[in-house]
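# Close look at the chain arrangement
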Amino acid sequence: MEAKPKSEHLLALKVMRLTRPTLATPVIVSCDSTDLPGNTLNNELKNDNTSLQGMETLAVGQFMMLPQSFGNIYLGEIFSSYLCVHNGSSQLVKDVMVKADLQTSSQRIPLSGHNGMPKELGPDNTVDEVIHHEVKEIGTHILVCEVTYTPTVSEPVPLSFRKFFKFQVVKPLDVKTKFYNAESDDVYLEAQIQNQTAGPICLEKVALESSHLFNVTTLNTNLQGESIYGRVNLLDSGSSRQYLYCLTPQPSLTKDPKMMHNATNIGKLDIVWRSNLGERGRLQTSQLQRMAPDFGDLRVTMKEIPPIAYLEEPVNFKCRIVNTSERSMDIMLGLESNKSIAWCGVSETVIGTLKSGASCDIPLCLIPLDTGLVTVSGLKLVDTFLKRVYDHDDLAQIFVHQVD
Amino acid sequence: MADKSSLFQLSDNIAGLSDDSKPSGDTGLGRYFSNTTHTIFDEIVPPEKQDMLEQPSASASPRPVFDSFLTDPSNSFLENSLSDAAEQVSDHVTASDIHRDAWIPSDQTKKVLASIATSTPGSNFPDRENLTMPGLTLQGDLTDTTKEAAIHFLGEEENIHRNVLTASDVTQDERGLRNLIQTGCYRAAINLTGRLLAIYGQGYGKINHPSKHTPHSLQLWFTRLALLAKLKHVEVLENESKPFGNLDKPDMFFTFYPELYGTRPGSMACFAFRLLLAEIPAYCNKPRVALDNLHKVLSTVKQIIKNLKKGFGEDGGRLKFTPTERDDAIRLWVGRESRVLISVVNCALTLKNYILAVDILESLSEGTDWNPEQRQILKSAISRVLLLLGDVSAAEKQFADGRESFQNPSNSKELTDRGLMAVAQNAFQEAYNCFKKASVLEPSNIMLVNNMAVCLLYNGQLQAAVHLLESALVRNPTKGLQEALLLNICTLYELHTTHSTQPKLHLLRQLNRYKGDAIAVQCLKLSL
């Protein structure tokens, strides 16, 4: 045992962060037996503990190496550490307590030793503990370890010392979201996830946990059910990936435009990633909010519009009118033809009273006068009470074919 | 020998250094190849081998061990004794030599070589830019760092236990070199290569000075650079490898020396040297450069295979050979192709380009030249790459693929795979159990003991981990005293106590007694 100054403690505390082990591999140089080194280099390779037995030239070994540095730690990962308190003195020590807390900028989190029994520790014995904590904050963290004990040989006065280990927790992923409100009331969510860690990661799970108002379909696999991101699920450092989800509102929601309009809570993204030898991290976004589209006082949508139309042949469909205002309305429907389409029916018809939130379906017919992509326009709704006119000039588009 | 060129005499000189009793005269073979050089290989070539030439097909079994890593598992270079290997070495050009040395020079180099072939002998004075001009950048010898550390920490008296070879303790030739490598004295071996290369005029400070090359001098360089790579002597490695480029200068080909080798085709430098040079940037923190180099080598190898399959010689020229010889040549080059691909995988892993690594490993494992065991090794390697990148479920699928007993593994390979799988799932107790079962089946496998110790640490059993590794060292000090294991055990010592110097010094004492000079003593983490 080395001599040490009197002021030093009888016990010593050592801490090591336990990231996943790495796999070691030798420097691989091989040659033909006819080359100068003969088989010496090949034999050395074969005798190396870290080489892959049976295929020594391949650097994918199985020999686990302990972590050699603290490394990076990211939000959502588990911080694991080994605490070892060693009695380097030649005397028995009593009442040994090891306490570990994690101090962040906002709180102090107890990690261990807060309700343990004091222990006795003989010479050269250790108190060992492995602590785990999921980091949920970004920024400076300080692991505060406190050891208290009572010597048995010298004065039996309780002694204690503290050690601090500081580290930074950084953000692993950048998540950007975009919403698309479809005509059909479906909502599409695009989530762009960027890997901001230092190395490649595997996104094990990126799921949208929707609120009860929507049903989610994930659009990230092809028809065969394979991932669209390639056979190897890997996202390089700095690279991004887009995930797409379709949210279909519950039937109860589609019936009530007001409720639909207020259904802005979409849900949360739950992301699990892994890196080196399975090191795992997990993040959940906060509740995602969509901007519900503003339809004004009246919302008009096209229903049952046929996919194909022919030149100068009537096209029948329905037009749904929803009163999205707060008041009842008396509505009159006007139809104005143009050079691409001719409406077929009576213009200036009175539809009647539509209460707030109510809807009605009006059958309509038009005749395309032009081929190609034609915009359905010229629908005019008049609130006869307030004399307010609502023009709807971009209702839908139909593709018009020449008749064979 | 008076009629021979100076180059000839030079190599004879080297041979003379090692062995005065070199068989005199080239017997009957000289009439076929009056230009063959003499190297020290001569001393160990039994005369009866010289009839190889007459029956090329009989001797054409170009299956060098280097490739047998891939093509023939049971084989092994382990069984081949040194003298067996030496027996295959001959300076007489056999059919298998021609296939082994074959290479396709760049167009530029082809042009230069063609102009030499068509000019009158002696009238050709090559430009400097066509010359490879290597030299040592290391002045003086590398020292034995283990010995130095032992003296520093344990005192002069510890030196009486140091009993390792130095460059001066062995014959000053390649046999001596092999001796040094075999006993783990890489530094001494490097020093010896330096001495031998100085005789070729390629010693310290000779970079950019023209000098003559022979297959033997290039073998010395290969050995030297291979050992520098092994020791991770990056700076020297980078500087000394630079003059060789990619071995495409005209003077790297036999036809550059028509007066010596006549029309013998091929590269003077061996394939292993070519591969090493391509990989060296990866050791020097430039893995992308290495990846480019390897792909260039790969494309030439593919061209050679194509040429052979069409019935041409490797370089696309007309060559007469028997079907057996051709098949052997194809097998040789397909083996080399796989070897280069494996180097590409290794390089991709350095770059953390796991997608490329998995791609190549998958296409390799679909090859037909593997036996079931090798195929399984490749598959389990793929799943390990998937584990490295973190895709645990895909790795599990790959592990299980083609193994009925995977849920209940019985052999040590499966148990090891299972164990690593458990590590990835943070189940260190299960992992420990797997490695332990495997270790019962394969008690001498240090990797398994080491992995058990690592698992113990993650389960909070530091002392048990230390004891396990220490007992492994006691059982087999020569196999156990390797850098990776030492680094692990010293990491454990440091975690265990502030007084970790004592057990580390004990390790140093053992290194001093049992090991050569190749260990990087830094793995003991002793503070100077």
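Not measured: the values here are computed from a predicted model. Residue numbers run consecutively from 1 along every chain, following the written order of its sequence. As a convention, the first chain written is A and the first ligand written is 1, with the rest following in written order. With the structure being a predicted model, the display of local features is reserved for residues of pLDDT at least 70 and the display and counting of side-chain atom pairs for 80 or more, all residues being used for whole-chain, interface and lining totals. Just so you know, side-chain values use all the structure's heavy atoms and leave hydrogens and water out.

### Overview of the nonpolar core
The tendency in soluble globular proteins is for nonpolar side chains to be buried side by side. We count it as follows: Among the buried residues, those of types Ala, Val, Leu, Ile, Met, Phe, Trp, Tyr and Cys that are joined through side-chain atoms within 4.5 Å form a nonpolar core. Working definition: with a 1.4 Å probe on protein chains only, accessible area under 20% of the residue-type maximum means buried, over 50% means exposed, and in between means partly exposed. Every helix listed is a DSSP run of H or I at least four residues long, and every strand listed is a run of E at least two residues long, numbered separately from the N terminus. Whether two residues are in contact is decided by their heavy atoms: any pair within 4.5 Å suffices.
Among the nonpolar cores identified, the biggest contains 175 residues, and Leu58(A), Leu225(B), Phe273(B), Trp333(B) and Leu524(B) are the most heavily contacted of them. Of all the elements, helix 15 (residues 323-350) of chain B adds the most residues to this core, at 13 residues. Once residues lying within four places of it in the same chain are set aside, the contact partners of Leu524(B) are Leu486(B), Cys490(B), Lys504(B), Leu507(B), Leu508(B) and Leu511(B). Judged by nonpolar contacts, the second largest core, of 49 residues, contains Val127(A), Ile131(A), Cys145(A) and Leu269(A).

### Some words on the interface of chain B and chain A
The condition that has to hold: As used here, buried area is the combined drop in accessible area, with a 1.4 Å probe, of two parts when they are placed together. Put simply, a salt bridge is a Lys or Arg side-chain nitrogen that is within 4 Å of an Asp or Glu carboxyl oxygen. Whenever a nitrogen or oxygen atom comes within 3.5 Å of another N or O atom, the pair is scored as a polar contact, on the condition that within protein one atom can donate a hydrogen and the other can accept it, and that pairs from neighbouring residues in sequence are kept only if both atoms are in side chains. Gly falls in the polar group here, along with every residue not listed as nonpolar (Ala, Val, Leu, Ile, Met, Phe, Trp, Tyr, Cys, Pro) or charged (Asp, Glu, Lys, Arg).
Listed by partner, the interface residues are 102 residues for chain B and 73 residues for chain A. Interface of chain B and chain A: buried area, both sides summed, is about 7,800 Å²; carbon and sulfur atoms make up 63% of it. At the junction of chain B and chain A, the tally comes to three salt bridges. The residue Arg336(B) makes a salt bridge to Asp32(A) at a minimum N-O spacing of 3.3 Å. Applying the counting criterion to the chain B and chain A interface returns 35 residue pairs in polar contact (both at pLDDT 80 or more). Among the residues forming the side of chain B that touches chain A, the class breakdown is 55 nonpolar, 28 polar and 19 charged.

### Some remarks on helix 9 (residues 186-199) of chain B
Residues and elements named next belong to chain B. We count it as follows: Expected span of a helix, by definition, is 1.5 Å for each gap between consecutive residues, and there is one gap fewer than residues.
With 14 residues, helix 9 extends 20 Å from end C-alpha to end C-alpha; this agrees with the ideal 20 Å at 1.5 Å per step. With 11 of 14 residues buried, helix 9 lies mostly within the body of the structure. Positive backbone phi, at 75°, marks Gly201, one or two positions downstream of helix 9.

### Side note on a nonpolar patch on the surface
Residue and element names in this part refer to chain A. Just so we agree on the cut-off: Residues enter a patch when their relative accessible area is above 30% and they make no salt bridge; the linking distance is 9 Å between like charges and 5 Å between nonpolar side chains (Val, Leu, Ile, Met, Phe, Trp, Tyr). Where accessible areas are quoted, they stem from the Shrake-Rupley method and a 1.4 Å probe; at the residue level, only the protein chains shown are allowed to cover.
Taken together, the side chains of Ile308, Tyr310 and Val403 make up a nonpolar region of the molecular surface, amounting to roughly 250 Å² of accessible area. With respect to the helices, strands and loops of the structure, Ile308 is situated in strand 21 (residues 308-310). Here Ile308 falls in the partly exposed class, since its relative accessible area comes to 44%.

### So, the side chain of Asp32(A)
Among the structural elements, Asp32(A) can be located in the loop between strand 2 (22-24) and helix 1 (40-47). Among the polar contacts listed, one links the side chain of Asp32(A) to the side chain of Arg336(B), at a separation of 3.3 Å.

### Topic: the packing of helix 20 (residues 428-441) of chain B against helix 21 (residues 446-458) of chain B
Residues and elements named next belong to chain B. To be explicit about the condition: Here an axis means a line fitted to C-alpha atoms, over the contact stretch when the element is a helix, while the angle between two N-to-C directions is reported on a 0 to 180 degree scale. Put simply, angles under 35 degrees are roughly parallel, angles over 145 are roughly antiparallel, angles from 65 to 115 are roughly perpendicular, and the rest are oblique. It is the rotation of the near helix from the far one that decides the hand of a crossing: anticlockwise by less than a right angle makes it left-handed, clockwise makes it right-handed.
It is the contact of helix 20 with helix 21, at a shortest axis distance of 9 Å, that shows an interaxial angle of 160°. Classified by the interaxial angle, the pair formed by helix 20 and helix 21 is roughly antiparallel. Handedness of the helix 20/helix 21 crossing: left-handed. Where helix 20 approaches helix 21, its residues Phe428, Ala431, Tyr432, Phe435, Lys436, Ala438 and Ser439 are matched on the opposing element by Leu448, Val449, Asn451, Met452, Cys455, Leu456 and Tyr458. Along the lines of polarity and charge, the residues of the contact of helix 20 with helix 21 split into 11 nonpolar, two polar and one charged.

### Let's talk about the sheet that holds strand 20 (residues 298-303) of chain A
Strand pairing in a sheet relies on backbone hydrogen bonds. The paired strands run either parallel or antiparallel. Residue and element names in this part refer to chain A. What counts, and what does not: At least two bridges found by DSSP between two strands is the condition for calling them paired.
With antiparallel pairing, four strands are arranged side by side in an open sheet as 20-22-26-24. The open sheet is flanked by strand 20 and strand 24 (341-343), the only strands paired with a single partner. This sheet shows a mean twist of 35° between the axes of neighbouring strands, independent of strand direction. Sheet topology note: the strand 20/strand 22 (residues 315-323) ladder contains six bridges and is antiparallel.

### Quick look at the environment of Lys212(B)
Here Lys212(B) shows up in the loop between helix 9 and helix 10 (215-230). When the C-alpha positions of Lys212(B) and Asp251(B) are compared, they lie 8.6 Å apart, and in sequence the two are 39 residues distant.

### Side note on the UniProt feature "repeat: TPR" (unreviewed entry) in chain B
To be explicit about the condition: UniProt positions are given in the numbering used here, feature names are shortened, and annotations may be inferred rather than shown by experiment.
Within this structure's numbering, the places UniProt gives as "repeat: TPR" (unreviewed entry) are residues 412-445 of chain B. Helix makes up 79% of residues 412-445 of chain B and strand 0%, and the two end C-alpha atoms of the span are 10 Å apart.

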